[in-house]
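Each chain, written out:
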Amino acid sequence: MTFHRFVDDDEFWQRVSVSDDAFRESFARLPMFGVAGWPALQIGEWMFAGGHRSLVFTSPVRGDVSAHATTQDHAAATAGATVTVHLDDHRDAREFRTQLSRRAEAFTHRGHASYEPVDPLAAVPDDLLTLLVDTTPVTFETWYSHADRGGVWWASGTLGPHAIVVESSGPLTEALRLDRLHDPEPLVTAHHTVIGAARAAALASPPSP
């Protein structure tokens, strides 16, 4: 038997504050990278003890881009795109990318009964791309998703012991730069905005019968 009760605003934000403190403490210990010049949209996944961590960033610029834009001229035209930076310690970057992309496809096709066999060539990257990661040039293997899978692009690379996967709804170009993040507060603020809006929407919805 499960009992539910209403959590008032004070208790809700007190509980959020506890997780905020755990995030700040782990953020000081664990390296993380963000898209240079792009504001944080939200915290994705974050394992406080180390492991999979992800942050979502949104483009500050709007415009139109071609499907396979690769020049710096197109870097500022990412039409409301989002980029999620995933990082994991001591993982194979290609295997990490495969796991994340298959999970995303499962969510996309959730509820569909059709079976889609795994393409034996799916593990072969479409291209190579060099991105600056905290001033270090890193070669990323890049996969361009098919149109029926939402147009998301994936790139995976390795810096030291860290596997980095970039998931982008806009073009992946060499003009994108990943910088080491040192201040957790913009991420905490973005997180509060997202969960505050979600709580407000939930409170405004009528309860289920």
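The structure contained in this document is the topic of the report that follows. (Residues numbered from 1 in each chain as written. Predicted model: local features only at pLDDT ≥ 70, side-chain atom pairs only at ≥ 80, totals over all residues. Heavy atoms only, no water.)

What to know about the packing of aromatic side chains
Then step 1. By the definition in use, this model includes five aromatic pairs.
Then step 2. Note on Phe12 and Trp13: the rings are 5.0 Å apart at their centroids and 85° apart in plane angle, and the pair reads as edge-to-face.
Then step 3. On the basis of relative accessible area, Trp13 is assigned to the partly exposed category, the value being 32%.
Then step 4. Ring geometry for Phe23 versus Trp46: centroids 4.8 Å apart, planes at 65°, classification edge-to-face. Pair noted here: Phe23 is in helix 1 (residues 9-29) and Trp46 is in strand 2 (residues 40-46), with a separation of 23 residues, a long-range link. Note on accessibility: Phe23 and Trp46 belong to one class, buried.
Then step 5. Through successive ring pairs, a cluster of aromatic residues spans Phe23, Phe27 and Trp46. (Phe/Tyr/Trp six-rings, centres within 6.5 Å; stacked < 30°, edge-to-face > 60°. Buried < 20%, exposed > 50% of the residue type's maximum accessible area, 1.4 Å probe, protein only. Helix = DSSP H or I, 4+ residues; strand = E, 2+ residues; numbered from the N terminus.)

Let's talk about the sheet that holds strand 8 (residues 162-168)
Within a sheet, adjacent strands bond to each other through the backbone by hydrogen bonds, running parallel or antiparallel.
Then step 1. Strand order in the open sheet made by the nine strands is 1-9-5-6-7-8-4-3-2, with mixed pairing throughout. With partners counted over all chains shown, the strands left at the sheet margins are strand 1 (33-35) and strand 2, one partner each. Strand-to-strand, the axes of this sheet are offset by a mean angle of 25°, without reference to chain direction.
Then step 2. Where strand 7 (residues 153-159) lies against strand 8, seven bridges are found, and the strand directions are antiparallel. Within strand 8, the residue paired with Trp153 across the bridge is Ser168.
Then step 3. Across the sheet, helix 3 (residues 185-204) touches strand 2 and strand 3 (53-58), and the angle it forms with strand 2 is around 90°. (Pairing = 2+ DSSP bridges. Axes fitted to C-alpha atoms, helices over the stretch in contact; angles between N-to-C directions. Contact = heavy atoms within 4.5 Å.)

A short note on the pattern of salt bridges
Charged atoms that come close allow side chains of opposite charge to pair.
Then step 1. For the coordinates displayed, the defined rule picks out 11 salt bridges.
Then step 2. Put simply, Arg29 and Glu25 hold a salt bridge, and the shortest N to O gap is 2.7 Å. One end of the pair, Arg29, and the other, Glu25, are both in helix 1, four residues apart, so they sit about a helical turn from each other.
Then step 3. For Arg94, the salt bridge identified is with Glu141, shortest N-O distance 2.7 Å. Of this pair, Arg94 sits in helix 2 (residues 93-108) while Glu141 sits in strand 6 (residues 136-144), and the two are 47 residues apart along the sequence.
Then step 4. Taking the relative accessible area as the measure of exposure, Arg94 reaches 32% and is therefore partly exposed. (Salt bridge = Lys/Arg side-chain N within 4 Å of Asp/Glu carboxyl O.)

Examining unusual backbone geometry
Then step 1. Despite not being glycine, His90 has its phi angle at roughly 60°, a positive value.
Then step 2. If you trace the backbone, His90 turns up in the loop between strand 4 (82-89) and helix 2.
Then step 3. The phi torsion at Asp134 lies on the positive side, around 55°, for a residue other than glycine.
Then step 4. With respect to the element layout, Asp134 can be found in the loop between strand 5 (127-133) and strand 6.

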